[in-house]
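A structural walkthrough
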Amino acid sequence: MSPPIAPVGWSRWLVPPAALAIHLSIGQAYAWSVFKPPLEDALGLSGTQSALPFQLGIVMLGLSAAFGGTLVERRGPRWAMTVALVCFSSGFLLSALGAATEQFWLIVFGYGFVGGIGLGIGYISPVSTLIKWFPDRPGMATGIAIMGFGGGALIASPWSAQMLESFGSDSSGIALAFLVHGLSYAVFMLLGVLLVRVPRPSGKERAGTDHAAPPGPQVSARQALRTPQFWLLWVVLCMNVTAGIGILEKAAPMITDFFADTPTPVSATAAAGFVALLSAANMAGRIGWSSTSDLIGRKNIYRVYLGAGVLMYALIALVGSSSKPLFVLCALVILSFYGGGFATIPAYLKDLFGTYQVGAIHGRLLTAWSTAGVLGPLIVNWIADRQEEAGKHGAELYGTSLFIMMGLLVVGFAANELVRPVHPSHHLDAVTPEKGAPDVRRRQQSEPA
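Because the structure is a prediction, the values reported are computed rather than measured. Residue numbers run consecutively from 1 along every chain, following the written order of its sequence. Only residues with pLDDT of 70 or above have their local features reported here, since the model is predicted, and side-chain atom pairs are shown and tallied only from 80 upward, although totals for entire chains, interfaces and linings are computed over all residues. As a rule here, side-chain values cover all heavy atoms of the structure and leave hydrogens and water aside.

**Quick notes on the pattern of salt bridges**
Salt bridges, as used here, are contacts in which a Lys or Arg side-chain nitrogen is within 4 Å of a carboxyl oxygen on Asp or Glu. Taken as a whole and judged by the stated rule, the model has 5 salt bridges. For the salt bridge of glutamate 417 with arginine 303, the shortest nitrogen-to-oxygen distance reads 2.6 Å. Within this pair, whereas glutamate 417 is found in helix H19 (residues 399-417), its partner arginine 303 is found in helix H15 (residues 298-319), the two being separated by 114 residues in sequence. A 1.4 Å probe rolled over the protein chains alone gives each residue an accessible area, and that area as a share of the maximum for its type sets the label: buried under 20%, exposed over 50%, partly exposed in between. With relative accessibility at 25%, the residue glutamate 417 sits in the partly exposed group. We note a salt bridge from glutamate 389 to arginine 386, for which the minimum N-O separation is 2.8 Å. Only DSSP runs of H or I covering at least 4 residues are called helices, and only runs of E covering at least 2 are called strands; the numbering of each starts at the N terminus.

Quick look at the structure:
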């Protein structure tokens, strides 16, 4: 499936909606916490066990993005979006079968493994294409698309809650909800597959007479892995994601527990609304903070994410249980930083490594998300389960986790401070074939527009 070339007069503003059709769909992953309590009741699972499909999905997101990044660059966004559609929808259908037969392993395999591959390929499918369409505003462009991933739960959370209320929260009701999700998202993602286009090459490029590299540093994916900048950004992303995803995966039960012993406990419906609010903050942060990074720089915006994030966690840990508005406000800010970090990282990579193979580099960096997808939920759920066994309840279940998250953000802040421009020895024009890199001209000729 060759990349579809935009016809003459094609508006570049039609590309973000194509990306949004994919990202709004796969962003359902952030509404997983709505399914946790029903699955735990229907199948007799612990909080740690019910997080497994989500955790495996994030692991597979990072792995499939890392190993498929170069293939996505080569075959183009339409191929990638098609693969994402098939895997993500199939994951829901397998999960429906698992719920109907009460085989939890099939839910883990379907939603986590198969669906997770769809998450990874779908997530990176529009990134390099958008950067090529919007070289003047890369932060804004990637923010628009990745905003959809953060906003997916804004739609999926109340929708899922309503289906569970209508179909029932037993295993058969959960199965039917999974089935509806799989079929509906397949139709919606198909719109993105049909709409996406890549930019037309210039006249000289079509004639094959000009293959000069774009201005600025240009680093291949292979060389990027050999730079300290890549691994510093890996730490930055991993710490920022771990701190946010721990709350996001546990959001509905967490707010219920925090205020269970107060005169105004949180109902299941209100908890689902809280998940939707977090999704809105996640979504707004992706476009708002990433656009801000075009003005103040990527390093400065990560200083905000990581530094202010520590303050927000401290407020939740110390006084969050005494004020519901404060708890909600701090959580919203944390999730806006979480989403902003995802949306800003492609532009950060573009600044350091250039546009050449930026999609493949981005895919490799998302292994940090895989790691964080295990660490964040594991820290929060495991500690909460142990605290509950020790007889504690309410906000006491999460105090230790919150302080751990603060420490991780400090580590990420330090890593960001160490980021410097990539040494010229890693640039394409400095890497010779003898060092393992093919001729630059030949690679550029074979690269799709």
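**Observations regarding helix H18 (residues 367-389)**
Taking 1.5 Å per residue as the helical rise, H18 with its 23 residues ought to reach 33 Å, and the 33 Å between its terminal C-alpha atoms agrees with that figure. Here the bend at a residue means the angle between the axes of two seven-residue stretches, the one that ends at it and the one that starts at it. If you look at H18, its biggest bend is around 25°, right at leucine 378. The span one expects for a helix is its residue count, reduced by one, times 1.5 Å.

**Considering the side chain of serine 336**
Positionally, serine 336 belongs in helix H16 (residues 324-353). With a relative accessible area of 11%, serine 336 lands in the buried category.

**Structural notes on the packing of helix H13 (residues 251-258) against helix H14 (residues 268-296)**
The convention used is that axes are lines fitted to C-alpha atoms, helices contributing only their stretch in contact, and that angles between N-to-C directions extend from 0 to 180 degrees. At a minimum axis distance of 8 Å, the contact between H13 and H14 shows a crossing angle of 120°. The orientation of H13 with respect to H14, classified from their angle, is oblique. By crossing handedness, the relation of H13 to H14 is classed as right-handed. Here Ala251, Ala252, Ile255 and Thr256 of H13 lie close against H14, whose contacting residues are Ala271, Phe274, Val275 and Leu278. Of the residues contributing to the contact of H13 with H14, the split by class is 7 nonpolar, 1 polar and no charged. Should an angle fall under 35 degrees it is taken as roughly parallel, and over 145 as roughly antiparallel, whereas 65 to 115 is taken as roughly perpendicular and any remaining angle as oblique. The sense of a crossing depends on the near helix, which, turned anticlockwise from the far helix by less than a right angle, makes the crossing left-handed and, turned clockwise, makes it right-handed. Note on contacts: a residue pair is in contact if any heavy atoms of the two residues lie within 4.5 Å. Nonpolar residues are Ala, Val, Leu, Ile, Met, Phe, Trp, Tyr, Cys and Pro. Charged residues are Asp, Glu, Lys and Arg, and all others, Gly as well, are polar.

**Notes on the packing of aromatic side chains**
When the centres of two rings from Phe, Tyr and Trp lie within 6.5 Å, Trp using its six-membered ring, the rings pair. Their planes under 30 degrees apart give stacked, over 60 give edge-to-face, and anything left gives tilted. Taken as a whole and assessed by the stated rule, the structure comprises 27 aromatic pairs. With 5.8 Å between their ring centres and 55° between their planes, phenylalanine 88 and tyrosine 185 make a pair best called tilted. One end of the pair, phenylalanine 88, is in helix H5 (residues 77-100); the other, tyrosine 185, is in helix H9 (residues 171-195), with 97 residues separating them in the sequence. Here phenylalanine 88 matches tyrosine 185 in class, with each residue buried. Taking the centre distance of 5.8 Å and the plane angle of 20° together, the rings of phenylalanine 258 and tyrosine 398 count as stacked.

**Examining the confidence of the model for the chain**
pLDDT measures how confident the predictor is about each residue, on a scale from 0 to 100. Per-residue pLDDT for the chain has a mean of 84; in total, 91% of the residues score no lower than 70. Here helix H20 (residues 440-446) stands out as the least confident element of the chain, with mean pLDDT 42; H5 is the most confident, with 95. In this model residues 203-213 is a low-confidence stretch, pLDDT under 50, and it forms 10 contacts with partners more than four residues away in sequence or in other chains.

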